[in-house]
Amino acid sequence: MKVPLSWLKDYVDVDIDPHELARRITLAGVEAEEVVVTGQTWGGVVVGLVEAVNPHPDADRLTLATVDTGQGKETVVCGAPNVAAGQKIAFARVGATLIDAHTGKPSLLKAARIRGVESAGMVCSERELGLSDEHEGILVLAEDAPVGATFADYYGDAVIDFTPTPNRPDCLSMLGIAREASAVTGKAVREPSLEYEQAAGPVEPKTSVEVLDPDLCPRYIAGVITGVTVGPSPRWLQDRLHAIGARSINNVVDVTNYVMMEYGQPLHAFDYDRLAEGRIVVRRARRGERMTTIDGESRALSSDTLVIADAKKAVAVAGVMGGVDSEVSGGTTTVLLESAAFNNVSIRRTSRELGLRSEASTRFDKGLSPELPLYAARRAMQLLVQITGGSACRGFADAYPGKSSRQPIRLTVQRTEKVLGVSMTPQEMALVIAPLGFEATPESDTALSVTVPYWRMDVAIEDDLIEEVVRTKGYDWVPTTTLGGRLPAFEPQPMITWKEAVRDHLAAAGLDEVVTYPLTNLNLADDSRYGIPPVRLSNPLSSEMAELRLSLRDSLLRTLAANQRNVDGGVRLFEVGRVYQPRAEDLPDEREVVAAVLSGPRGEPFWQAEPEEMDFFDAKGVLEALLGGLGVTATYTPVELPVLHPARTAQVSVDGKTVGFLGELHPKSRRAFDLIDRPVLYLEIDLSDLLGLLPEQSKIFSPIQKFPGLLRDLALVLDESIPAERVIEIIRGAPLVQRVTLFDLYVGEQVPKGKKSLAFRLVYQSPGRTLTGEEADRNQERLLQRLQKKLGATLRG
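This report concerns the structure included in the present document.

What counts, and where the lines are drawn
Residues numbered from 1 in each chain as written. Predicted model: local features only at pLDDT ≥ 70, side-chain atom pairs only at ≥ 80, totals over all residues. Heavy atoms only, no water. Axes fitted to C-alpha atoms, helices over the stretch in contact; angles between N-to-C directions. Helix = DSSP H or I, 4+ residues; strand = E, 2+ residues; numbered from the N terminus. Left-handed = near helix turned anticlockwise from the far one by under 90°. Contact = heavy atoms within 4.5 Å. Nonpolar A, V, L, I, M, F, W, Y, C, P; charged D, E, K, R; others polar. Phe/Tyr/Trp six-rings, centres within 6.5 Å; stacked < 30°, edge-to-face > 60°. Buried < 20%, exposed > 50% of the residue type's maximum accessible area, 1.4 Å probe, protein only. Lys NZ or Arg CZ within 6 Å of the ring centre and 35° of its normal. Pairing = 2+ DSSP bridges. 1 Å grid on protein atoms, 1.4 Å probe; cavity = no way out; pocket = protein on both sides within 12 Å on 5 of 7 lines; lining within 4 Å. Points joined across faces, edges and corners; volume = space filled by probe spheres on them.

## Things to note about the packing of helix α6 (residues 251-263) against helix α9 (residues 372-388)
In contact at an axis separation of 9 Å, α6 and α9 are set at 140° when each is read in the N-to-C sense. Note that α6 runs across α9; the crossing there is right-handed. Together, N251, V252, V255, Y258, V259, E262 and Y263 of α6 and L372, Y375, A376, R379, A380, L383, L384, I387 and T388 of α9 make up the contact between the two elements. Here the residues of the contact of α6 with α9 are counted per class, giving 12 nonpolar, two polar and two charged.

Dropping the structure here:
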């Protein structure tokens, strides 16, 4: 909402710097985004009077303008087609800085000889002054412009751009901002006069209003003005609209736009003679009904769309845009003025469905008071009579099916003190909120009865009034005090602590964290079979975000697909987030989960070695690093899961409880997600299940060994079905074994069928002394006997 200071001063005497005014109103709750001061670059530009215009002696398209600058007369060469004697104009003396109409950059005005005639200045267009891109003709000022005055003093202004919150549509108006300025400066508000001559007889014979859908239109007012002359608006009105970035159309349309910006109430003007039977019907659109809006587009209307119609057809989309068949044109002589209140939800839905966003819909969809249309209609009729020379009919056709009364709100000292922590008397509170239009009547020594002004639809309860008190008084007015009660006891959040630890461990393992949306669409990913239906949203923003995710898998794989073709090397991603398991007749079970995906070369490119693709054991290593960092050890058992390779998938268990899985993506699933044809590893751990299995102390200090260890290799032959993890578990239980590492797996001719060879490197080490070779050999022999007894393992020859 752009607010020119010159316009604002029509309603409130603002005498402070515009930046300070913007700061104060922002602190009161209506944010000012920008303050633009015009006129600071207009040094050397004055208001001039064109006394004569004569032909150029040597150019048909140029003229010689004699300009009275207040300090003398200058003759300048001018090429503008609209220059004429008697005009007040902006005259730039030699040395002034103007905008070059060709380059758009500032340039210094120099004396010039044009076709043999000396030009001692310039009569300026809007573009040369930096006001707009208009440069076909000169800027013509109002007749009362003082000759000789500096142009900056006469035409300069400050424009403050406010961004009100959605609950304050009243601040999308000059009067709304004026009331805010009044509250923060203490200056009184002057509202415009609404009196005008009504000389064309009663309105009833000429028009009537019928509201068929009162749920969508609580009030509709129609006024008629005859004898209208449609033409250009007076200069002051054009300047006002130009200052806020609006385009002047004609005097009738300009008045509706002006009043909309003044009161915040959108209006629409119809050509009365183009309305069938001259009456208005407010109804929902009929099935298959179409209309062409003033932007020239033919639009199909749904049965939920509210339209303004005459006796035969729709002539406007209510609250959004008028129709081309009834718009005001140069031949219009009688105007029907619309001022109405519409259901804000209906307007918002219609605007979105039609793809139309207008200044009117922006205001209507925030909810306007049904009392506002009458004030705006009277103001617009007053200006139409004044500007178009028409005669207004007496009264309005006013259909008000949604009429209701708002009850006063009781404002008490007790509640105010409880909310703000500050004591105020009722008289003090009444004085603070009075500039905003609230009428307060004392009920007792501790309470007020407050009548809310019609334009404040956002104030409904006592706490709303208290907010008005404190924001107007100033939030810095509330003193800083200590809390009156005890601070709540600290409640540990183990899940938050462990989630951060998970992030740290995975980042340390070389993975990059991603954050994806919890909303998805399982139909977008083939073969994403979970066995249970997801939780669906009742009103999704889009079909791609219609369901709550059951797993992090789909979003991670889509992220991988979006990145792996743009990354030189392997992709390692993880995410910590929630998944949502449906529960019958209850809210979904929200589970904290960590998942990771790996694909691509294991290391950086190296000229001496061929790149190797990451495989199942890379993912297993990442998981072991994570769980080891958390202080737990997992066991892995084969399992078959949807979308994963049946022979390369393992179930992960801790202390006998399943907490997750890891495996290689099935080739069919790779194609479904449009992934590169290379192994893709995926792991997922349910942190909600893992949390109860984590030790209270995740790290236990182990002293550095003082004595050297002895290395021994152990190559075993055993059944193929025995997992290496089982062998390692037995070896680790042997005395003096400090470390064990699997370094070889062999299946082939030198090993019997159904058998495999596993080779381990063991480190024997004593914490209290240096071991001898004989001691290490004896321990190795005893370990081999234990393996033979428990697993049937034999020493490979």
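## Details of the packing of aromatic side chains
Taken as a whole and judged by the stated rule, the model has 11 aromatic pairs. On the basis of an interplanar angle of 50° and a centroid distance of 4.8 Å, the ring pair of W42 and F151 is categorised as tilted. With W42 in the loop between β2 (31-38) and β3 (45-56) and F151 in helix α3 (residues 151-155), the pair connects residues that are 109 residues apart, well separated along the chain. The same class applies to W42 and to F151, which are both buried. Grouping aromatic residues by their ring pairs yields a cluster made of W42, F151, Y154 and Y155. Seen from the ring of W455, R179 lies directly overhead, with NZ or CZ sitting 3.5 Å from the centre.

## Points about the pairing of strand β28 (residues 447-451)
Regular strands place side chains that alternate from one sheet face to the opposite one. The buried fraction of β28 amounts to four of the five residues, a majority that puts the element mostly inside the structure. Two elements, strand β27 (residues 439-444) and β28, share five bridges in a ladder whose sense is antiparallel. Pairing of P442 across the sheet is with L448, part of β28. Counting the residues that bridge the hairpin from β27 to β28 gives two residues.

## Things to note about empty space enclosed by the protein
Gaps left between atoms show up when a probe the size of a water molecule is rolled over them. The full count for this structure, using the stated rule, is two cavities of 30 Å³ or more. Estimates place the volume of the largest cavity at around 130 Å³. Around the largest cavity sit 17 residues that line it, and P169, D170, Y263, L372 and W455 are the ones nearest its centre. Its residues assigned to classes, the lining of the largest cavity comprises eight nonpolar, five polar and four charged. Along the walls of the second largest cavity sit M495, W498, K499, V502, L630, L687, L690, L691 and L694, which together make up its complete lining. When residues of the lining of the second largest cavity are traced back to their parent elements, those giving at least two are α13 (494-508) and α17 (687-691). If you tally residues by element for the lining of the second largest cavity, the top one is α13, at four residues. In terms of residue class, the lining of the second largest cavity is built from eight nonpolar, no polar and one charged.

## With respect to the layout of surface pockets
What the largest pocket holds in volume is close to 1,200 Å³. As for the largest pocket, its lining consists of 33 residues, and the residues nearest its centre are F616, F617, K620, A724 and E725. The set of elements that each furnish at least two residues to the lining of the largest pocket consists of α15 (616-630), β34 (635-638), β35 (644-654), α18 (724-732), β39 (737-746) and β40 (755-764). If you tally residues by element for the lining of the largest pocket, the top one is α15, at seven residues. Residues that form the lining of the largest pocket fall into these classes: 17 nonpolar, six polar and 10 charged.

## Digging into the sheet that holds β39
The sheet built from four strands is open, its strands ordered β39-β40-β38-β41 with antiparallel pairing. Of all strands in the sheet, those bounded by a partner on one side alone are β39 and β41 (794-795). Inspection of the sheet shows β39 paired to β40 by eight bridges, in the antiparallel sense. Pairing of V740 across the sheet is with L762, part of β40. Contacting β38 (710-719), β40 and β41, helix α19 (residues 773-791) runs over the sheet at an angle of about 15° to β38.

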